[in-house]
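Residues per chain are reported as follows:
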Amino acid sequence: MANDNKNSRPSEKQDAHDSFHSRVRGVALYGYDERYDRELKVYGANITVRHKDAALMSDLYGTGVNDKFLYEDDVLKLKSIFWGFNILDFAPMLDGNAIMTTNGKTSEVSLVGTWTEKHATLSTGEELSTGLKGLRTWWDVQGEWLNENDNASVMLGKLLASQNNIHVGDAITLTANGMSKNFIVKGIYNDGGNDDEKILMTLAAVQELMNLTGKVSSIEVSALTTPDNDLARKAAQDPRSLSPDEYETWYCTAYVSAICHQIQEVIRDGVAKAVRQVAESEGTILNKTTLLMILITILSSIGSALAISNLITASVIERSQELGLLKALGAYNWQIALLVLLEVMLTGLAGGVAGYFLGIGFAQIIGQTVFGSYIEIARMVILIVAVILFFVTLLGSVPAIRYLMALKPTEVLHGK
């Protein structure tokens, strides 16, 4: 792949990418890693998208610009990127200011317009449900969340509501750009942060008040990502510095930098950046969890090999006269060893099948208890279990085979 093609998805690789996409979704995202990652999403979005000029001013001076916006029409394009199925939830945000009048008092307040619950049908025919409700699962809401078309209702932050003695069901008036509108307080939320001083509204309502039809300030995105490695960190600095093979590997792996890069390809004038506190914490936790699972698997395999070794050795000792007779009749050591190994492997196969289904049962119990949903088992697991079973059984048979090789027919046939 030439370097001048790195800013767009390589069209000549489309079929290969789609094939890789399907295989990875079938293997990498089934099982506990995906469940752990989904559970971590309760901490909110791990990617934010803003206008490139606003992002630049924020990076340089710590403050953004208020006259640069993204387009609402582009938001649903997030699901069209290569790793679109990894995008779990997203919500466009439009910030604004207004004068609030309630209980005879007026004050300046901050507004946030968003999709609280958005239901849409993509061009592919896929049904989509997303919104801020999926990104703020930790909110304690008194009353109800806004619906998709609740343009005459608002939700207030707990601190703002307490300061102005506002309760669920009260009416407030918001004035901006010479326009005044009445709203009903449908819910009061407790965020535990700065959002407790804001008013949450539907995106359409804020766009109307601010006279910004079709515009959004930013987009919050929650995506399943793969923990960063050296390649991902190198690409995050400058994707153009990658070789063609490195670029292909990076683009086709769900690194947060790769997903951000692909988001920028579909969002006009947008810059996508990872929320490092969230993304890096997720990666660290997932890496440690994976290491723990590998350690448990290794220790379990060693324990199984020791148990198999004891059982097979005891069986060979019990059958020593039978095996000694076979040797006395002219059987070679390798023939007797092959016979014993065949018996062990058949027994191990039967035990492995039973253990596999028993393990699936326990996996579903854990999935329901910990995650509240079933664990989808990847077909690749069957091959992995078969390979582990073979080598553990073979390793456990080594002491018994060594005993068998040293067995002397004259001694065992005389009962020694």
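Please refer to the structure placed before this passage.
Every residue gets a number counted from 1 within its own chain, in the order that chain's sequence is written. Note on the predicted model: pLDDT of at least 70 is required for a residue's local features to be given, and 80 or more for side-chain atom pairs to be given and counted; whole-chain, interface and lining totals, by contrast, use all residues. The side-chain numbers reported here are obtained from all heavy atoms of the structure, hydrogens and water having been left aside.

## Points about the overall build of the protein
Part 1: In this description a helix means any DSSP run of H or I spanning at least four residues, a strand means any run of E spanning at least two, and both kinds are numbered starting from the N terminus. Looking only at helices and strands, one finds 14 helices and 14 strands in the protein.
Part 2: For the exposure calls, accessible area comes from a 1.4 Å probe over protein chains only, and a residue counts as buried if that area is under 20% of its type's maximum, exposed if over 50%, partly exposed in between. Out of the 416 residues in the protein, the part that is buried amounts to 41%.
Part 3: For this analysis, residues touch if any pair of their heavy atoms sits within 4.5 Å. The contacts of the protein with a sequence gap of at least 6 include a subset with a gap of at least 24, amounting to 73%.
Part 4: To measure how exposed things are, a 1.4 Å probe is used in the Shrake-Rupley method; for residues, cover is taken only from the protein chains shown. Surface exposure of the protein reaches about 22200 Å², of which carbon and sulfur atoms provide 57%.

## Quick notes on the pairing of strand β4 (residues 105-114)
Part 1: A pair of strands is treated as paired once DSSP finds two or more bridges between them. Where strand β3 (residues 87-102) and β4 come together, ten bridges link them in antiparallel fashion. Residue pairing across strands places G96 opposite L111, the latter belonging to β4.
Part 2: Linkage of β3 to β4, two consecutive antiparallel strands, is achieved through a turn of two residues, within which N103 is found at a positive phi near 55°.
Part 3: Pairing analysis gives five bridges linking β4 to strand β11 (residues 198-202), with the strands arranged parallel.

## Some thoughts on the pattern of salt bridges
Part 1: Salt bridges, as used here, are contacts in which a Lys or Arg side-chain nitrogen is within 4 Å of a carboxyl oxygen on Asp or Glu. Overall, the coordinates contain 14 salt bridges when judged by the stated rule.
Part 2: Linking R233 and D230 is a salt bridge whose minimum nitrogen-to-oxygen distance equals 3.1 Å. Highlighted residues: R233 and D230, both in helix α7 (residues 230-237), separated by three residues, approximately one helical turn.
Part 3: On the basis of relative accessibility, which here comes to 44%, the residue R233 falls in the partly exposed class.
Part 4: With a relative accessible area of 61%, D230 lands in the exposed category.
Part 5: The salt bridge partner of D238 is R240, with a shortest N-O separation of 3.2 Å.
Part 6: Within this structure, D74, K77 and R268 form a network of salt bridges that share partners.

## Re the pairing of β11
Part 1: Among the five residues that make up β11, four are buried, leaving the element largely enclosed by the rest of the structure.
Part 2: Where strand β8 (residues 153-157) lies against β11, two bridges are found, and the strand directions are antiparallel. From the neighbouring strand, L156 faces β11, where its bridge partner is I199.

## A word on the nonpolar core
Part 1: Nine residue types can take part in a nonpolar core, namely buried Ala, Val, Leu, Ile, Met, Phe, Trp, Tyr and Cys, and a core is a set of them joined through side-chain atoms within 4.5 Å. In this structure, I47, I172, L174, I199 and M201 are the most contacted members of the largest nonpolar core, which totals 62 residues.
Part 2: Per-element tally for this core: the top contributor is helix α9 (residues 256-266), with six residues.
Part 3: Not counting residues up to four positions away in its chain, the partners in contact with L174 are I99, M100, V109, L111, M179, S180, K181, F183, I199, M201 and L209.

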